[in-house]
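In case you want the letters, here they are:
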Amino acid sequence: RAKEAGRNGFAFYDPEMEAETRTRRQLEQDLRRAEERGELQLLYQPQAEVASGRIRGFEALLRWRHPERGMIPPDLFVPLAEASGAIMPIGAWVLRQACAEAAAWPRPLDIAVNISPVQILHGDLVALVTETLRETGLDPARLELEVTEGVLIRDGAQALGVLTRLKALGVRVAMDDFGTGYSSLSTLRAFPFDKIKVDRSFVRDLDTSPEAAAIVRAVLGLGRGLGLPVIAEGVETEAQRQALAAIDCAAIQGYLIGRPAPIGSFGTALGRLG
Ligand code: C2E
Ligand code: MG
Ligand code: MG
Ligand code: MG
């Protein structure tokens with residue numbers, strides 16, 4: 001295919017781009033059938049209290065095991081699914097699977113599910129959540145939906161309507177990747193969030209960069225001022241955990257507490273024997 005006409009007015013053929021487009025199309029096609037073929041799986045990552053280390057809940061993280069390409073990370077396939085529309089059935093599967101599993105846990109810990117902007121703006125997310133809660137019998141108070149701010153800025157009025165109706169169901173809404181968007185502060189004011197998740201890019205540099213530490217402190221202050229709990233993402237080291245404890249960050253998530261894993265490996269935290 002001809003790429004855009006170049007500076008001299010020549011159109012040129014770019015075999016590399018052609019191959020990329022083909023791969024992308026193939027993956028999009030494969031993705032549409034991934035669920036029915038049993039290639040999708042949810043891993044769970046614990047969220048813990050800083051002081052006690054007690055696990056309070058889990059975030060469900062989607063994995064795709066492609067028959068030929070092996071494990072494909074969500075950062076790669078979720079955007080494809082969003083572009084093709086496949087995110088609608090996949091997102092519905094994720095929600096149902098996570099809620100059904102959580103409803104069966106011996107202890108009523110929280111379950112956080114990532115929601116794509118596409119699910120908020122197209123289709124009926126409120127009906128999906130209502131239906132899923134009814135089907136699985138999960139207590140709505142245990143369900144937290146994680147949303148990034150992109151969609152909220154692009155289509156604010158509609159997103160606000162959806163978030164408001166979701167909250168009326170008794171579920172909570174968390175702002176994911178806080179601090180990485182264009183206008184996190186005004187987004188926080190305009191939408192009814194219940195929690196702030198500080199992006200891991202700030203946590204990563206916490207113990208080495210005074211700037212990153214100042215930002216995390218400011219977010220904690222913001223959370224206190226707004227009455228919103230704050231959780232720090234991507235905590236990998238004991239030094240980071242201590243730095244967060246020192247500035248009164250109450251909750252953390254990250255490899256230090258636990259990597260995303262099949263729920264069975266958290267048996268003890270869930271109250272199962274062994
Ligand atoms: P996210 O929601 O911000 O999820 C956190 C990501 O950080 C996860 O990557 C997690 O594995 C990773 N992580 C957690 N702790 C640490 C740590 O200590 N160090 C490092 N380096 N990384 C850590 P993952 O599972 O690859 O997911 C990436 C993104 O894909 C998610 O970011 C989320 O935006 C999206 N995603 C995942 N599952 C779903 C889903 O079911 N639906 C939708 N729409 N998006 C999903
Ligand atoms: Mg998330
Ligand atoms: Mg995040
Ligand atoms: Mg993210």
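In this report, we go over the structure that sits alongside the text.

The rules behind the values
Residues numbered from 1 in each chain as written. Chains lettered and ligands numbered in written order. Predicted model: local features only at pLDDT ≥ 70, side-chain atom pairs only at ≥ 80, totals over all residues. Heavy atoms only, no water. Helix = DSSP H or I, 4+ residues; strand = E, 2+ residues; numbered from the N terminus. Buried < 20%, exposed > 50% of the residue type's maximum accessible area, 1.4 Å probe, protein only. Contact = heavy atoms within 4.5 Å. Pairing = 2+ DSSP bridges. Near = heavy atom within 4 Å. Polar contact = N/O pair within 3.5 Å; in protein donor to acceptor, adjacent residues only side chain to side chain. Areas by Shrake-Rupley, 256 points an atom, 1.4 Å probe, with all protein chains shown as cover. Nonpolar A, V, L, I, M, F, W, Y, C, P; charged D, E, K, R; others polar. Donors = N, O, S within 2.8 Å, 3.2 Å for Na, K, Ca; no water. Expected span 1.5 Å × (residues − 1). Arc of directions from axis to C-beta.

Attention shifts here to the overall build of the protein. A count of helical and extended segments in the protein gives 11 helices and nine strands. Based on the C-alpha atoms only, the size of the protein along its principal axes is roughly 65 × 45 × 40 Å. By the burial criterion, 45% of the 274 residues in the protein qualify as buried. Contacts spanning at least 24 positions in sequence make up 66% of the contacts within the protein whose residues lie at least 6 apart.

Among the 12 residues in strand β2 (residues 55-66), 10 count as buried, and that is most of the element. Counted between consecutive antiparallel strands, the loop separating strand β1 (residues 40-49) from β2 contains five residues, among which Gly-53 sits at a positive phi close to 75°. In this sheet, strand β4 (residues 110-114) lies alongside β2 in parallel orientation, the contact comprising four bridges. The residue of β4 that forms the bridge with Ala-60 is Val-113. The sheet contact formed by β2 and strand β3 (residues 70-72) spans three bridges and is antiparallel. Bridge pairing in β3 places Arg-65 opposite Met-71. Remark: three residues form the turn of the hairpin made by β2 and β3, two consecutive strands paired antiparallel.

Here the focus is the site of ligand 1. Lining the immediate surroundings of ligand 1 are 22 residues, of which Arg-63, Asn-114, Arg-200, Glu-236 and Tyr-255 lie closest. Between ligand 1 and Asp-176, the relevant distance is 2.9 Å, taken from an oxygen atom to a side-chain nitrogen or oxygen of the residue. The side chain of Glu-233 places a nitrogen or oxygen atom 3.3 Å from an oxygen atom of ligand 1. Relative to its free-state accessible area of 800 Å², ligand 1 is covered by the protein chains to the extent of 86%. For the shell around ligand 1, the elements supplying multiple residues, two or more each, are β2, α2 (74-84) and β6 (172-178). If one sorts the elements of the shell around ligand 1 by residue count, β2 sits on top with four residues. The residue makeup of the shell around ligand 1, split by class, is eight nonpolar, five polar and nine charged.

What follows concerns the side chain of His-66. Note on placement: His-66 falls in strand β2. By relative accessible area, which is 3% here, His-66 ends up buried. There is a polar contact of 3.0 Å between the side chain of His-66 and the backbone nitrogen of Arg-69. In this structure His-66 touches Leu-27, Asp-30 and Ile-72, once residues within four positions along its chain are discounted.

Listed as protein donors to the magnesium ion (ligand 3) are Asp-176 (OD), Asp-177 (OD), Glu-233 (OE) and Glu-233 (OE); their distances from the metal cover 2.0 to 2.4 Å. Each donor residue of the magnesium ion (ligand 3) belongs to the same chain, and together they define the spacing D-D-x55-E. Metal-to-metal, the separation of the magnesium ion (ligand 3) and the magnesium ion (ligand 2) is 4.2 Å; Asp-176 coordinates the two. Looking at Asp-177, the relative accessible area reads 27%, which means it is partly exposed.

Moving on to helix α7 (residues 156-168). In this model α7 runs 18 Å from its N-terminal to its C-terminal C-alpha over 13 residues, within 8% of the 18 Å that 1.5 Å per residue would give. Residues of α7 that are buried: Ala-159, Val-162, Leu-163 and Leu-166. Along the axis of α7, the buried residues cluster in a sector spanning 95°; they form a single face. Turned more than 90 degrees away from the buried face of α7, the exposed residues are Ala-157 and Ala-168. Backbone geometry just downstream of α7 places Gly-170 in the positive-phi region, at approximately 95°.

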